[in-house]
Structure formats: C-alpha cells, structure tokens
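Residue-level structural notes
Okay, here's what each chain looks like letter by letter:
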Amino acid sequence: MNQIHPLAIVSPEAKLGDGNIIGPFCVIDGNVVIGDNNNFMNSVTVHTGARIGSGNEFFPGASISTKPQDLKFKGEETTCEIGNNNSIRENVTISRGTASKGTTIVGNNCLLMENMHVAHDCILGSNLIIGNSTKFAGEVIVDDNAIISGSVLVHQFCHIGGFVMIQGGCRFSQDIPPYIMAGKEPTRYCGLNLVGLRRRGFSNETIEKIHEAYRIIYGKGLLAEAVEEIKNTLEVTPEIQYIIDFVTASKRGILR
C-alpha cells in the first residue's frame, strides 16, 4: 500500500507500484511510471515521462524528468529512466531526453549529491558517486563505478570511463578513459586510480597491465601507434580491451 500525504498532488494517470511513500508538497505528473518502495520526501517533483524503478530515495527539491534545457526540443514525447536503489539528494535536476536519443538514463545504486544536474540524453551507469553541484551537459556518458567529485563541469558529448576518480572543481571537454585519476588545472591525466581499483578487487597483476597500457598511451605521440603497441606487447585481457575500445571510439579525444 502506498502512503500519499494529503498535501501531495498525484495525477490519476500516474502508475504507481506498491510501498511508495510520497511526502507533502510532492507533485507527480501524468505519464509517469513508478515501481515499488520508493521514498519521495517533501517537495519532490516528478514530471511527465519519468520511468522510476524500485527502492530509490528522492530528497527535498529534487526535480525528475524536467523539460530539457535545449532550444531544439519541440515537445516530443521522451522519457527519463531511473533504475533501482539510487539516492538522489536535495535539489538534483534530471532532464528527460530529446529527439536525439529519446531518453535520459540513470542506472542502479548511484549517489547523486546535492544540487547536481543531469542534462538531456545523458546515460549514467551504475554504482556511481557524483559530488555536490557537479553539472553534466547533454549526451554525456558515464560508465559504471566512476567517482566524480563536487563542482565538476562536463562538456556535452563527453564520455567518462569506468572506475575513474575525478578531482573536485575540474572542467573538461575531452573523454576520460577508464581506471585513471584526473585533476589539476587544466584537467589532465594524474595516474591510475590505484586506491579505487584495489578497493574493487583488482589484482596487482591486472593493475600493472593497466598501468603499462597507459604508459604506452601517454608515451606515444599518436594514439593509433599506441594502440598497436598495446595489442602487440600486452596480453589483451578484458580490462585492456576496454581501454583499447574506449580510446579507439573516442570522438572528442582523450584527456592528456
């Protein structure tokens, strides 16, 4: 049974699962689908197009599936998909998609801290920690297990790899490959995310292979030459293949 505060407004067209708590001054629009056991604290707004899983908590002032801040948006029907067991803190804003991709996605088990923004058509993976006041422009992709500190500004179309650690206050317009730390001013490669990799159970042997791959990448002038050397000199484990695929597919160029 859902607990809906009498001061909340829930559209009769919204589809709710079971066990949800909807606090005072929340607004749930029509064309919204919500799973089970979510907690919407006071003053949360869920706009049209939201598709929310189960076990999430939304703190006061969060605004989900907002109209995209994109002048090309013409009111087309799009969605914002939120997975399961996420903690979405105070004043977080997540826009729904545009005609470009049609949806904005947040995975599972993410912590989105206070006042951060996820723009239209972003794709966020699972197990992410994203700090206070960090802002993602449109169509940013973040792979699983990334940690992004506070007040980070991410240019549109950037791709952030998995298992990275990004220092607070960074701003960048290039892709950040997996397993590394990025920081300083201007933002640049600062070595491997050793602490994060060890905490995630990566063996010393795997970490050394990743380290060698990046010694080659950042030691070569041409990325294509670096990729060929990696293929010829290193065992291509899943981790090394992930690096190869990431840097090869990069459209904005990788952080140097």
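Described in the following lines is the structure provided in the data block. (Residues numbered from 1 in each chain as written. Predicted model: local features only at pLDDT ≥ 70, side-chain atom pairs only at ≥ 80, totals over all residues. Heavy atoms only, no water.)

**Comments concerning the pairing of strand 15 (residues 103-106)**
The pairing of strand 12 (residues 79-82) with strand 15 spans four bridges and is classified as parallel. Opposite Ile82, over in strand 15, you have Val106 as the bridge partner. (Pairing = 2+ DSSP bridges. Helix = DSSP H or I, 4+ residues; strand = E, 2+ residues; numbered from the N terminus.)

**Here's the deal with helix 2 (residues 204-219)**
Relative to the 22 Å expected for 16 residues at 1.5 Å per residue, helix 2 spans 22 Å between its end C-alpha atoms, a close match to the ideal helical length. Looking only at helix 2, the buried set comprises Thr206, Ile207, Lys209, Ile210, Ala213, Tyr214, Ile216 and Ile217. Summarising the contacts, the buried residues of helix 2 are in contact with strand 27 (180-183), strand 28 (188-192), helix 1 (194-199), helix 3 (223-233) and helix 4 (238-249). (Expected span 1.5 Å × (residues − 1). Buried < 20%, exposed > 50% of the residue type's maximum accessible area, 1.4 Å probe, protein only. Contact = heavy atoms within 4.5 Å.)

**A look at the sheet that holds strand 20 (residues 135-136)**
Taken in spatial order, the nine strands of this open sheet run 2-5-8-11-14-17-20-23-26, and their pairing is parallel. Sheet topology places strand 2 (9-10) and strand 26 (171-172) at the edges, where each strand pairs with a single neighbour. With three bridges joining them, strand 11 (residues 63-66) and strand 14 (residues 93-95) adopt parallel strand pairing. Counted as the bridge partner of Thr66 is Ser95 from strand 14.

**Topic: the nonpolar core**
Ile94, Phe136, Ile166 and Phe172 are the most contacted members of the largest nonpolar core, which totals 67 residues. Of all the elements in the fold, those that place two or more residues in this core are strand 9 (50-52), strand 12, strand 27, helix 2, helix 3 and helix 4. Ranked by residues supplied to this core, first place goes to helix 2 with six residues. With residues up to four places along the chain from it excluded, the contact list for Ile166 reads Ile147, Ile148, Ser149, Val152, Ile160, Phe172, Ile176 and Ala182. (Core = buried A, V, L, I, M, F, W, Y, C linked by side-chain atoms within 4.5 Å.)

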